[in-house]
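So the chains spell out like this:
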Amino acid sequence: MPPIIHGFDPPERFVAGTVGPPGSRTFFLQARTGVRITSISLEKQQVAALAERIDELLDEVMASDEVSAVIPAVAPLGLDDPHPLEQPIEEEFRAGTMTLSWDPSDERIVIEVFPFTEAAVVSPEQVDEDFEEPEPDEVFLVRIDAGHARAFVQRAAQVLDAGRPSCPFCGNPIDPDGHLCVRANGFRRREP
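Each chain carries its own residue numbering, running from 1 in the written order of its sequence. Local features in this predicted model are restricted to residues whose pLDDT is 70 or higher, and side-chain atom pairs enter the listing and the counts only when it is 80 or higher, whereas totals over whole chains, interfaces and linings include all residues. For side-chain calculations, the full set of non-hydrogen atoms in the structure is used, while hydrogens and water are omitted.

Novice: Just to check I follow, could you spell out the layout of surface pockets for this structure?
Specialist: Summary: where empty space remains is shown by rolling a probe the size of a single water molecule over the atoms. Whether a set of points on the 1 Å grid over the protein atoms alone is a cavity depends on a 1.4 Å probe fitting there but being unable to get out, while an open set qualifies as a pocket with protein on both sides within 12 Å along at least five of seven lines; lining residues are those with an atom within 4 Å of a point. Grid points are joined across faces, edges and corners, and a volume is the space filled by probe spheres set on the points. Space inside the largest pocket adds up to approximately 290 Å³. What lines the largest pocket is a set of 17 residues, among which Phe14, Leu79, Asp81, His148 and Ala151 lie closest to the centre. Only runs of H or I of at least four residues qualify as helices and only runs of E of at least two qualify as strands under DSSP, and these elements are numbered from the N terminus. Elements supplying a minimum of two residues to the lining of the largest pocket: β2 (13-19) and α2 (146-161). A total of five residues in the lining of the largest pocket trace back to one element, the largest contributor, which is α2. Lining the second largest pocket are 13 residues, with Arg25, Lys44, Gly163, Arg164 and Pro173 sitting closest to its centre.

Right, here's the structure in full:
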């Protein structure tokens, strides 16, 4: 049976966002076209990795002599999206593997997100073995132009920075009531 494809080519809106207070936020990728909304939950590190890789891929495409498209170096004015996630948020699946590519035929970034499955988790003993990932039941597929991709990266950075501040000594997040800093010999550090 072929997988269910949640495809957006192009979406009217594609953003990363969160639900919940800093320290217990749930991260989502969300795409919307008309009234159709798809929300995929994922980890903070996955949002950071996706945004970083999109930025790197666009820089690589910009440096390439084979591309005729104009690739913006930063998000174009007017494409920023400060609005919250669309409601209601109904998670389609939790993100596992993600792929990213550039389609030169229509000059778009292609993002594919596959569901997390326990069957795809590889133990350290299995690293050298031939491993075939199981066929996914669903795929989240988004195709966006370079300007909207830069805007996605800009918003993702803002979403990531909106969390708890980091301790300047140990780098761990600081809760509103402070935290036990490993570099303070067990004493609780507080914000000045």
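Novice: Would you mind showing me how to read unusual backbone geometry here?
Specialist: Asp9 connects to Pro10 through a cis peptide bond whose omega is -15°. Mapped onto the elements, Pro10 comes out in the loop between β1 (4-8) and β2. The peptide bond linking Gln87 to Pro88 adopts the cis configuration, its omega dihedral lying at -5°. Relative to the assigned elements, Pro88 resides in the loop between α1 (44-63) and β5 (91-103).

Novice: In this structure, what is going on with the sheet that holds strand β7 (residues 138-144)? I would like to understand it.
Specialist: Within a sheet, each strand pairs with its neighbour through backbone hydrogen bonds, oriented either parallel or antiparallel. Reading across the sheet, the seven strands line up as β1-β7-β6-β5-β4-β3-β2 and stay open at both edges, with mixed pairing between neighbours. What marks the edges here is a single partner per strand, and that holds for β1 and β2. Put simply, the sheet's adjacent strands are angled 35° from each other on average, direction ignored. Two strands pair when backbone bridges link them, and β1 and β7 are joined in this way by five bridges, in the parallel orientation. Note on β7: the bridge partner recorded for Phe8 is Val142. Lying on the sheet, α1 is in contact with β2, β3 (26-33), β4 (36-42), β5 and β6 (108-115); it crosses β5 at an angle near 15°. In the packing of α2 onto the sheet, the strands contacted are β2, β3, β6 and β7, and the crossing angle to β2 comes to about 5°. Any two strands between which DSSP finds at least two bridges are classified as paired. In this analysis, axes come from line fits to C-alpha atoms, helices being fitted only over the stretch in contact, and the angle between any two N-to-C directions falls in the range 0 to 180 degrees. Note on contacts: a residue pair qualifies if any of its non-hydrogen atoms lie within 4.5 Å across the two residues.

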